[in-house]
Amino acid sequence: MLAHGWGRYPSIDAKSFTFNSEVELRARLETISSGSAIARGLGRSYGDSSLSENLLSTGRFNRFISFDGATGELVCESGVSLSEILDVFVPRGWFLPVTPGTRFVTVGGAIASDVHGKNHHNAGSLSNHVSWMDILLADGDVARCSKSERGELFLATCAGYGLTGVILRASVRLQRVETAYIRERTIRTKNLDEVLDAFDEQAGWTYSVGWIDCLARGKNLGRSVLMLGEHATRADIKESMEALRPGPVRELAVPFEFPGFFLNTFTVRAFNVAYYGKASSRERIIRYEPFFYPLDGVHNWSRIYGKRGFVQYQLVLPKESGKEGLKKILRVTASKGLGSFLAVLKLFGKEDGPYLSFAKEGYTLALDFPITSSIFVELDELDSIVKGYGGRLYPTKDSRMKKEMFLAGYPRRDKFMEIRSTVDPHRRFESLQSRRLGI
Amino acid sequence: MSKSVLILGASSDIARAIAQKFGSEGWSLLLAGRDVEILSRDAADLRLRHNVDVAAFVFDAIDFESHKKLWDSLPGRPEGVVCVFGYLGNQEVSERNWYEARKTIDTNFTGAVSILNIAANSFEERKGGFIIGISSVAGDRGRTSNYIYGSAKAGFTAYLSGLRARLWKSGVKVTTVKPGFVATRMTEGMNTPALLTATPQQVADDVMRAYKRGRPVVYTGWFWKYIMLVIIHIPERVFRKLKL
């Protein structure tokens with residue numbers, strides 16, 4: 001079958017296996033005659049992190065195992081999706097400790113990318129909230145690891161992109177919430193300086209994220225809408241409202257791939273102007289779904305980019321040089337009309353423990369670009385700017401960065417490689433990405 | 001304890017989806033299958049997700065002698081039974097190897113008759129309950145590619161049809177569900193056409209809808225009704241030349 005990531009680029013003719021137990025997975029691994037293997041959850045990494053000749057799909061390995069109602073400790077199989085966790089536990093007053101911008105990822109995939117969320121500045125990445133996990137290693141053994149038990153394997157497997165083995169089970173600590181609502185404050189800012197200052201001023205908010213109009217130039221460069229959020233308490237919402245079971249939200253779907261010309265400078269500009277114009281500075285109570293997962297409400301939204309697909313580009317720049325670097329990057333993308341449909345900005349907190357974790361103290365910017373004949377050349381140029389400012393790119397979103405770019409951004413990779421070569425000396429687990437990046 | 005439903009062949013992908021569906025509507029679940037280790041993991045999952053009672057039982061479709069004992073060991077009489085187990089087998093092997101052919105027939109037909117006879121008599125006596133059998137579109141017309149499996153499912157479809165007529169008088173509802181392609185472990189590696197391939201969750205939704213509406217026969221997805229209508233009516237001299 002032809003497999004691709006969420007960005008629909010690149011694709012590979014791969015064999016896909018599912019499994020119901022570790023015994024079955026072990027047997028499956030032994031039947032692999034050629035090529036490497038990599039675990040795959042819901043295929044929401046954008047590029048080639050979960051692509052290999054053999055895909056070990058966790059689609060059927062998706063059971064809840066136990067839940068401790070006193071501590072919020074949830075143990076589940078790696079194929080359970082964040083969406084399933086929310087559906088089951090929000091009505092009981094629990095929420096994910098950290099969530100990325102989509103709920104359609106598995107626990108295994110989220111750990112393998114060590115995902116971050118809008119609360120990174122105070123909660124860190126997901127690995128901070130994983131108590132332990134079980135991994136099926138290349139030799140067929142199952143290893144349990146945590147920060148204190150086989151700690152190095154734990155730090156290599158979180159943000160390990162499936163390269164240390166297959167995550168089987170994990171124990172994740174959920175957080176208590178009183179309602180399924182978010183108290184959201186929106187602040188409109190005129191330019192980049194204003195939004196970056198606002199991030200610092202508003203650091204007390206649990207959740208914060210900015211949306212940048214990439215096409216605004218000159219004195220408007222970096223014009224943004226900053227969205228801040230707190231879990232609403234029972235007192236924040238009307239008495240008549242159902243606190244934890246507010247019923248379903250409406251959803252849309254993109255039923256087919258849009259023609260390639262659909263997204264161009266004009267349509268993107270029109271969208272951005274409309275979006276910026278609509279957002280006034282205000283506070284309101286909204287459901288958690290539109291706050292955390294604005295695009296999950298539109299199924300298959302990536303089809304809007306057409307058959308050729310798109311690349312997402314997420315970078316982080318250190319805080320000191322970040323302001324200058326972001327300006328430069330925004331200027332370049334605006335002047336070239338690379339038109340990003342979505343540009344998301346966030347201030348990260350401290351760097352996380354896992355060797356290949358993406359987040360580090362500074363500013364992260366996520367852009368997506370439709371694939372055109374010149375896009376890869378343009379992105380190489382952006383790479384050199386990011387590298388020049390001491391930044392790095394997020395492999396989960398990547399399908400094209402060069403090895404040198406990766407090496408420059410991840411100084412702790414040697415430690416990762418050391419662990420990887422002990423647990424998988426014959427490189428049975430590999431992705432197209434790991435080969436490209438030399439990890 | 002709330003109303004309970006017995007799911008036979010509970011570890012298949014379709015059965016798991018059906019169990020989730022009934023669980024989400026508050027039913028107690030009795031899971032029966034060969035691998036109790038896996039069923040007990042499913043049971044824990046279902047309890048956690050839906051806050052319902054779940055119990056697991058050993059059941060082997062082709063160990064006919066054990067069926068009565070299983071039925072008697074259930075905690076009370078379930079409100080309904082969903083018969084999901086099946087064995088696709090290998091057509092080419094079945095043509096030459098009697099044991100493979102027999103396993104296909106015994107699992108899909110004989111085993112189903114054996115256990116459902118027991119359930120039917122019990123429900124008839126109580127004058128209530130339901131039986132849902134997961135048959136297959138493959139039973140609508142024997143085709144070169146899978147006629148051993150198809151003929152066993154044809155037998156199962158005919159059995160359910162007769163059972164429905166018999167139990168109607170006693171207020172017991174019998175439903176025949178005929179899935180087309182479904183993306184499951186059984187079809188893994190087969191290149192089924194994406195547009196015609198249902199997910200186990202879609203099958204489960206159709207099963208629940210059929211149960212609630214008391215429908216006698218449902219195809220899942222619905223378009224298979226029309227595909228099979230065409231296939232049934234292809235004249236024999238044309239049909240034998242088709243590679244179906």
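Placed above this text is the structure.
Residues numbered from 1 in each chain as written. Chains lettered and ligands numbered in written order. Predicted model: local features only at pLDDT ≥ 70, side-chain atom pairs only at ≥ 80, totals over all residues. Heavy atoms only, no water.

### Looking at the interface of chain B and chain A
- Taken residue by residue, the interface counts 14 residues in chain B and 21 residues in chain A.
- Interface area for chain B against chain A, summed over the two sides, is near 1400 Å², with a carbon-plus-sulfur share of 38%.
- On the surface where chain B and chain A come into contact, there are 5 salt bridges.
- At the boundary of chain B and chain A, one finds 12 residue pairs in polar contact (both at pLDDT 80 or more).
- Of all the secondary structure elements, the ones that give two or more residues to the side of chain B that touches chain A are α1 (13-24) and α2 (36-50) of chain B.
- At 8 residues, the largest contribution of residues to the side of chain B that touches chain A is made by α2(B). (Contact = heavy atoms within 4.5 Å. Buried area = accessible area lost by both parts, 1.4 Å probe. Salt bridge = Lys/Arg side-chain N within 4 Å of Asp/Glu carboxyl O. Polar contact = N/O pair within 3.5 Å; in protein donor to acceptor, adjacent residues only side chain to side chain. Helix = DSSP H or I, 4+ residues; strand = E, 2+ residues; numbered from the N terminus.)

### Some words on the pairing of strand β5 (residues 129-134) of chain B
Residue and element names in this part refer to chain B.
- Most of β5 is tucked away, with 6 of its 6 residues classed as buried.
- Going residue by residue along β5, you find Gly129, Ile131 and Gly133 tucked away on one face and Phe130, Ile132 and Ile134 tucked away on the opposite face as well.
- Bridge count for strand β4 (residues 80-83) against β5 is 4 bridges, and the pairing is parallel. Across the sheet, Val81 pairs through a bridge with Ile131, a residue of β5.
- With 6 bridges joining them, β5 and strand β6 (residues 172-179) adopt parallel strand pairing. Bridge pairing links Gly133 to Thr176 in β6.
- You can see the chain leave β5, run along helix α6 (residues 147-168) and come back into β6, and the turn it takes is right-handed. (Buried < 20%, exposed > 50% of the residue type's maximum accessible area, 1.4 Å probe, protein only. Pairing = 2+ DSSP bridges. Right-handed = clockwise from strand over helix to strand, strands pointing away.)

### Section: the packing of helix α6 (residues 192-201) of chain A against helix α9 (residues 319-335) of chain A
Residue and element names in this part refer to chain A.
- Axis separation between α6 and α9 bottoms out at 11 Å; the angle between their running directions is 145 degrees. Remark: the crossing between α6 and α9 carries right-handed chirality. Contact residues: α6 offers Leu192, Asp193, Leu196, Asp197 and Asp200, while α9 offers Lys319, Lys323, Leu326, Lys327 and Leu330. (Axes fitted to C-alpha atoms, helices over the stretch in contact; angles between N-to-C directions. Left-handed = near helix turned anticlockwise from the far one by under 90°.)

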